Amino acid sequence: MPTIHVMSPTLASQVAAGEVVERPASVVKELVENSLDAGAKSVRVEIRRGGVGLIRVTDDGCGMSREDASLCAKRHATSKLSSLEELFEITHLGFRGEAIPSIASVSRFKLCTRQQQALEGWEVRIDGGMEYEPRSSGVSPGTAIEVADLFYNTPARRKFLKSAETEASHVEHQIRLHALAFPQVRFTYRRDDQLVFDLPATTDLRVRISALTDPATAAALIPIEATTGPGISVSGYLLPLSEARRTRKGQYVFMNTRPVEDQLINRAIRDGYGGFPTGLHPALFLYMEVEPALVDVNAHPAKKEVRFRRAADVVNTIVEAIANTLQRHARQAPLPAAPTPDEQPSEPFPPPGPAGNEFETMVPSPVTISPPKIPVFTSPMERPQGTSETSPISPARPISLRQVPPTQGRLDFQDKACSRPDAAPGTERRTEKDLSADFKYLGTLHQQFALFETPEGLVLMHPKAARERIIFERLRAHRQAPMPSQHLLDPVMLDLDPRDFAVIQQFAPHFDQAGLTVTPFGQNTIRIESIPALLELDNAKAFLLELVDRLTQSEFSRNAKRMAYETFIAEIAKKSAWKERISPHRAPAILKELLACEVPYCTPAGKPTLVNYSIPEIKRKFGMQA
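Definitions and limits used
- Residues numbered from 1 in each chain as written.
- Predicted model: local features only at pLDDT ≥ 70, side-chain atom pairs only at ≥ 80, totals over all residues.
- Heavy atoms only, no water.
- Helix = DSSP H or I, 4+ residues; strand = E, 2+ residues; numbered from the N terminus.
- Contact = heavy atoms within 4.5 Å.
- Pairing = 2+ DSSP bridges.
- Axes fitted to C-alpha atoms, helices over the stretch in contact; angles between N-to-C directions.
- pLDDT = per-residue confidence, 0-100.
- Phe/Tyr/Trp six-rings, centres within 6.5 Å; stacked < 30°, edge-to-face > 60°.
- Buried < 20%, exposed > 50% of the residue type's maximum accessible area, 1.4 Å probe, protein only.
- Polar contact = N/O pair within 3.5 Å; in protein donor to acceptor, adjacent residues only side chain to side chain.
- Left-handed = near helix turned anticlockwise from the far one by under 90°.
- Nonpolar A, V, L, I, M, F, W, Y, C, P; charged D, E, K, R; others polar.
- Core = buried A, V, L, I, M, F, W, Y, C linked by side-chain atoms within 4.5 Å.
- Expected span 1.5 Å × (residues − 1).

Caption draft 1: View of the overall build of the chain. Looking only at helices and strands, the chain features 17 helices and 24 strands. Of the contacts formed within the chain by residues at least 6 apart in sequence, a portion of 72% connects residues at least 24 apart.

Printed below as a string of structure tokens:
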């Protein structure tokens, strides 16, 4: 067995870096926190190659003397803690004394600093943990830190980084968090020598939020009623329920100016709304001021997680603040209904009526599609290389949707059997036996469900859920060719969160294959040039964000790229199936088509199409022996 020994300072710092420095955004977080703790009124961040090539953070804070500049690179050296008592009443963002030595151990590190009253500044250089003697330098008051070639001496760590675009999006998100937490500080961010944003200092939080979001979001902000509890106060802004997301990307929570993530707070937010649709999370900007002695921020190396000593008081205050705000706003102007993940009509079978009222086509006519009602811009934009200009059925140039011939953009599979997902376009699935032969149609239940008798018992079928599965598999069988698309007369411009923008850029070719053409248009802005001809988009932004959330949740899935395409056709199938008017007499034919599908027992979203009640189960209900 190897003998025990003490690790070298360089190795110990690199081990610590594994906890503190996860990616370039982690470096930016630690350096910006130091700048804010130093009393900076202006913070400037510059990166190159997603932060791997270079990160430069410059501030106008108090600066450091030569002795402090040399000590700051030592492990556990800090100016923010001097006694055990202070550890339990932390008022600074940083306090561990591990960030600078950890960063310097995995990069080429340079620090230039000067105190306000000093005549000269000092420069400290560290390459992969190897320190050089400080030397005098003529610099402006404050501190400037450069971190170059991140992870150059730990290639295994570098392999885990994403693309430069993805890493840059995480860096920008981190800066946005600090900018929202400190509106009184000016923040400037440059990426690859291009200015991304320059946010002037302000005393109005709404102004800062407006500068970091689109105008529609800023206009929809609902001020949270300031609420005070034992040792805690809550304020901020809510967004309408229509802004809910499948992920918590729309939730910005700050505790004593520190961005935090906490399950307790998440549950309190949901309780404040009086519950929320499963799978969705409300969007809000929540600011909490908690007495330092009542919270422990020393629970996670990155200081994102916190522990409250009186959790019940925190929960009750948040719930009260949100609930009171919603009640007050409901009296003034009712909030729109919360979007449900699967918003569908309830009646598969229409009431009796003339035969001509039955919806006989698989999808609505393309003439019903209209451009999303979102503010647009008409500036020219070149299409990125590597994407097709149009799908085969699209017009050669953008025209009004009302000018599209009725036959264009329609796929008629009404008389075709279900195809396998891997079958070539146009091929039909052949079954050796009609699986529906053993099903005897009995009738309908509450005009919603079709009842069938089988040798094993009773089967209930939801006709529209069944049609959703049938349409989905038919469309998926034709995935070798691009989906029909329709150009928009006026391209739609959308401002997005930097992380959402990076995901859309990554999957843009797969969107194009599915009939939705999106191109970048400046920083974090995309332009929608065409939409799937079979899909009615009332809200293009909501649809895109829904898709981004699903792709984000399956980031590490091998099928993520295929999912980008199949999510579109699943949405088309759902909208098409639930718009049909299905007569009861069609139930046996629908069942036959359903059982010919590859996965007949659920919709693309996983909801059941068939529910079986066996004879033994029915007998048990009546107290009979099975």
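Caption draft 2: Representation of the sheet that holds strand S22 (residues 517-520). Ordered by their spatial adjacency, three strands build an open sheet running S21-S23-S22, and the pairing between neighbours is antiparallel. Only two strands of the sheet have a single partner each, and these edge strands are strand S21 (485-495) and S22. Within this sheet the neighbouring strands show an average axis-to-axis angle of 20°, counted without direction. Alignment of S22 against strand S23 (residues 525-532), held across four bridges, turns out to be antiparallel.

Caption draft 3: Representation of the confidence of the model for the chain in the model. Looking at the chain, pLDDT values average 77 and 73% of them are 70 or higher. The model gives residues 354-432 a pLDDT under 50, and that stretch makes 161 contacts with residues more than four places away or in other chains.

Caption draft 4: Examining the packing of aromatic side chains more closely. Scanning the model with the defined rule gives five aromatic pairs in all. Seen from their ring centres, Tyr441 and Phe452 are 5.5 Å apart, and the 50° between their planes marks the pair as tilted. With Tyr441 in strand S18 (residues 440-445) and Phe452 in strand S19 (residues 449-454), the pair connects residues that are eleven residues apart, well separated along the chain. By relative accessible area, Phe452 is classed as buried at 1%.

Caption draft 5: Broad picture of the sheet that holds strand S24 (residues 610-614). The strand order across the open sheet built from four strands is S18-S19-S20-S24, with neighbouring strands paired in antiparallel fashion. A strand with exactly one partner marks an edge of an open sheet, and here the two such strands are S18 and S24. With direction set aside, neighbouring strand axes in the sheet form an average angle of 25°. Relative to S24, strand S20 (residues 457-461) is paired through five bridges, and the arrangement is antiparallel. Within S24, the residue paired with Leu458 across the bridge is Tyr613.

Caption draft 6: The side chain of Thr317, seen in detail. Along the chain, Thr317 falls in helix H11 (residues 311-332). For Thr317, a relative accessible area of 3% corresponds to the buried category. At 2.7 Å, the side chain of Thr317 forms a polar contact with the backbone oxygen of Asp313. Setting aside residues no more than four positions away along its own chain, Thr317 makes contact with Thr227, Thr228, Gly229, Ile232 and Val234.

Caption draft 7: Representation of the packing of helix H10 (residues 263-272) against H11 within the structure. Contact geometry of H10 with H11 gives a least axis separation of 8 Å together with a crossing angle of 35°. Considering the relative orientation of H10 and H11, their crossing is right-handed. Two secondary-structure elements touch here, H10 through Leu264, Ile265, Ala268, Ile269, Asp271 and Gly272 and H11 through Ala311, Val315, Ile318, Val319, Ile322, Ala323 and Leu326. Its residues placed into classes, the contact of H10 with H11 shows eleven nonpolar, one polar and one charged.

Caption draft 8: Seen up close, unusual backbone geometry. Residues other than glycine seldom take positive phi values, yet Arg49 does so here, at roughly 55°. Relative to the helices and strands, Arg49 is located in the loop between strand S1 (42-48) and strand S2 (54-59). Among the residues examined, Arg49 registers a relative accessible area of 49% and is labelled partly exposed. One non-glycine residue, Asn256, adopts positive backbone phi at about 55°. Inspection of the secondary structure assignment puts Asn256 in the loop between strand S13 (251-255) and strand S14 (258-259).

Caption draft 9: Spatial organisation of the pairing of strand S9 (residues 194-199). Alignment of strand S8 (residues 186-191) against S9, held across five bridges, turns out to be antiparallel. Residue pairing for S9: Tyr189 is matched across the bridge by Phe197.

Caption draft 10: How the structure looks around the environment of Leu516. With respect to the helices and strands, Leu516 occurs in the loop between helix H13 (498-513) and S22. Given a relative accessible area of 1%, Leu516 falls into the buried group. Through-space distance from the C-alpha of Leu516 to that of His487 is 9.1 Å; in sequence the pair is 29 residues apart.

Caption draft 11: Up close: the pairing of S18. Of the strand pairs in this sheet, S18 and S19 are connected by five bridges, and their pairing is antiparallel. Within the sheet, the bridge partner assigned to Gly443 lies in S19 and is Leu451. Hairpin connection, S18 to S19: the antiparallel pair is bridged by three residues, and His446 has positive phi, about 55°.

Caption draft 12: Inspection of the nonpolar core at higher detail. Formed by 59 residues in total, the largest nonpolar core has its most connected members in Val43, Val45, Phe109, Val147, Phe187 and Tyr189. Here this core gets seven residues from one element, more than from any other, and that element is helix H7 (residues 164-181). Setting aside its immediate chain neighbours within four residues, Tyr189 contacts Val45, Ile47, Ala168, Val171, Glu172, Ile175, Gln194, Leu195, Val196 and Phe197. Counting residues in each nonpolar core, the second largest holds 33 residues, with Met255, Tyr273, Val297 and Val314 among its members.

Caption draft 13: View of the side chain of Arg176. Secondary-structure assignment places Arg176 in helix H7. The exposure class assigned to Arg176 is buried, which follows from its relative accessible area of 11%. With sequence-adjacent residues up to four places away left out, Arg176 is seen in contact with Phe197, Leu212, Pro498 and Asn524.

Caption draft 14: Layout of H11. Helix length check: H11, at 22 residues, gives a terminal C-alpha distance of 32 Å against a target of 32 Å (1.5 Å per residue), a fit within 8%. Taken together, the buried positions of H11 are Asp313, Val314, Val315, Thr317, Ile318, Ala321, Ile322, Ala323, Thr325, Leu326 and His329. Lining the buried residues of H11 we find strand S10 (222-223), strand S11 (227-229), strand S12 (232-238), H10, strand S15 (284-290) and strand S17 (307-308).

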